[in-house]
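Chain by chain, the residues run as shown.
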Amino acid sequence: MWQSYVNGLLVAFGLIMAIGTQNAFVLAQSLRREHHLPVAALCVVCDALLVAAGVFGLATVLAQNPTLLAIARWGGATFLIWYGSQALRRACSKQSMDQGENQTVRSLRAVMLSALAVTLLNPHVYLDTVLLIGSLGAQQSVPGAYVVGAASASLLWFFTLALGAAWLAPWLARPSTWRILDLVVALMMFTVAGQLILAS
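For every chain, the first residue of the written sequence is number 1, and numbering continues from 1 onward in sequence order. Thresholds applied to this predicted model are a pLDDT of at least 70 for local features of residues and 80 or more for the giving and counting of side-chain atom pairs; totals over whole chains, interfaces and linings are not thresholded and use all residues. Note: side-chain values were computed over all heavy atoms of the structure, leaving out hydrogens and water.

The next point concerns the pattern of salt bridges. By salt bridge we mean one thing: a side-chain nitrogen of Lys or Arg within 4 Å of a carboxyl oxygen of Asp or Glu. This structure, assessed with the given rule, holds one salt bridge. The salt bridge involving Arg106 is made with Glu34; its shortest N-O contact spans 3.3 Å. Of the two residues, Arg106 sits in the loop between α4 (66-92) and α5 (108-120) while Glu34 sits in the loop between α2 (21-32) and α3 (36-63), which places them 72 residues apart along the sequence. Its relative accessible area of 29% is what places Arg106 among the partly exposed residues. For the purposes of this entry, the term helix denotes a DSSP run of H or I that reaches at least four residues, the term strand denotes a run of E that reaches at least two, and both are numbered from the N terminus. Accessible area is worked out with a 1.4 Å probe on protein chains only. A residue is then buried under 20% of its type maximum, exposed over 50%, and partly exposed in between.

What follows concerns the nonpolar core. Ranked by size, the top nonpolar core spans 25 residues in total, and within it Phe25, Val26, Val39, Phe158 and Val185 carry the most contacts. Beyond its immediate sequence surroundings of up to four residues, Phe25 is in contact with Val39, Tyr83, Arg106, Val111, Ser114, Ala115 and Val118. Ranked by size, the runner-up nonpolar core spans nine residues in total, among them Leu9, Val55, Val147 and Ala153. In plain words, nonpolar cores are sets of buried Ala, Val, Leu, Ile, Met, Phe, Trp, Tyr and Cys residues tied together by side-chain atoms within 4.5 Å. Residues are treated as being in contact if the distance between any of their heavy atoms lies within 4.5 Å.

With that out of the way, let us pick up the packing of α2 against α5. The axes used here are C-alpha line fits, helices contributing only the stretch in contact, and every angle between their N-to-C directions lies in the interval 0 to 180 degrees. The contact between α2 and α5 brings their axes to 9 Å, and the two run at 160 degrees. Taken as axis vectors, α2 and α5 run roughly antiparallel relative to one another. Here α2 and α5 pass one another in a crossing that is right-handed. Here Thr21, Gln22, Phe25 and Gln29 of α2 come into contact with α5, specifically with Val111, Ser114, Ala115, Val118 and Thr119. Only Asp, Glu, Lys and Arg are considered charged in this grouping, and only Ala, Val, Leu, Ile, Met, Phe, Trp, Tyr, Cys and Pro are considered nonpolar; every other residue, Gly among them, is considered polar. Looking at the contact of α2 with α5, its residues break down into four nonpolar, five polar and no charged. Here is the rule for angles: anything less than 35 degrees is roughly parallel, anything more than 145 is roughly antiparallel, 65 through 115 is roughly perpendicular, and the remaining ranges are oblique. Note on convention: near helix rotated counterclockwise from far helix by under a right angle means a left-handed crossing. Clockwise means right-handed.

Note on aromatic pairs: the rings of Phe, Tyr and Trp (six-membered ring only in Trp) are paired at centre separations within 6.5 Å, and the planes decide the class, stacked below 30 degrees, edge-to-face beyond 60, tilted for the rest. Tallying each qualifying case throughout the model produces one aromatic pair. Considering the side-chain rings of Trp2 and Tyr5, the 5.7 Å spacing of their centres and the 80 degrees angle between planes classify their relative orientation as edge-to-face. With a gap of three residues between them, Trp2 and Tyr5 both fall in helix α1 (residues 2-16), about one helical turn apart.

Here we come to the side chain of Ser4. With respect to the helices and strands, the residue Ser4 is situated in helix α1. Take Ser4: its relative accessible area is 1%, and that puts it in the buried class. Ignoring any residue separated from it by four or fewer positions in sequence, one finds Ser4 in contact with Gln140, Ser141, Val142, Ala145 and Tyr146.

Of note, the phi angle at His35 is positive, near 55 degrees, even though the residue is not glycine. Mapping His35 onto the fold places it in the loop between α2 and α3. For His35, a relative accessible area of 26% translates into the label partly exposed.

A contiguous nonpolar surface patch, about 490 Å² in accessible area, is contributed by Trp74, Ile81, Leu88, Leu183, Phe190 and Ile197. Of all elements in the fold, only α4 and α8 (175-199) reach the threshold of two or more residues within the nonpolar patch. Tracing the backbone through its elements, the reader meets Leu88 in helix α4. In this scheme, patches are assembled from residues that exceed 30% relative accessible area and form no salt bridge. Like charges are connected within 9 Å, while nonpolar side chains (Val, Leu, Ile, Met, Phe, Trp, Tyr) are connected within 5 Å. The Shrake-Rupley method, run with a 1.4 Å probe sphere, supplies the accessible areas, and residue values consider only the shown protein chains as cover.

Tracing the sequence through the fold places Val111 in helix α5. A relative accessible area of 0% means that Val111 is categorised as buried. Considered as a pair, Val111 and His36 are 75 residues apart in the sequence and their alpha carbons are 9.0 Å apart. Look past the residues within four positions of Val111 in its chain and what remains in contact with it is Phe25, Gln29, Glu34, His35, Val39 and Arg106.

Here it is in structure tokens:
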């Protein structure tokens, strides 16, 4: 059982630590201190459910249905381009994190819907979490322990990211830092969207 747990922990850590759209979103929300803990919790829950779905059968279904993968690819590319455009617009404006009185704080519902979109409209989530992690988990001696291990990695990573970024926010609240972050986020979103389009 413990071997399956450790395998899930290590495989999940290896994938989620790579900078991606979900990590960029959590980091941005954490630096803004805008509902960052609920966002981290949502990412953990989504990852755990997707890994469990992959381990217990969905990986096979998706791998055999190119239509579903195509829908996920184009929907994800459209969303990533839109989100990247929003980040680019912020980077070109004069806003900064320490000008909170001039910024509109989004509702918890709006932020959580954006987090769901970033998580579920990104085909890489299905390729990595469902297909890769899931197919590996299906081969474990104790698949349930593997799912718990992967969920543990997600829990540790996203809450470390959320709490760490929020703690550093006072030192990162310079306009230039925020513009650079938004530019990086925009570049990342456009790059992933381009990869999805070219892969179609």
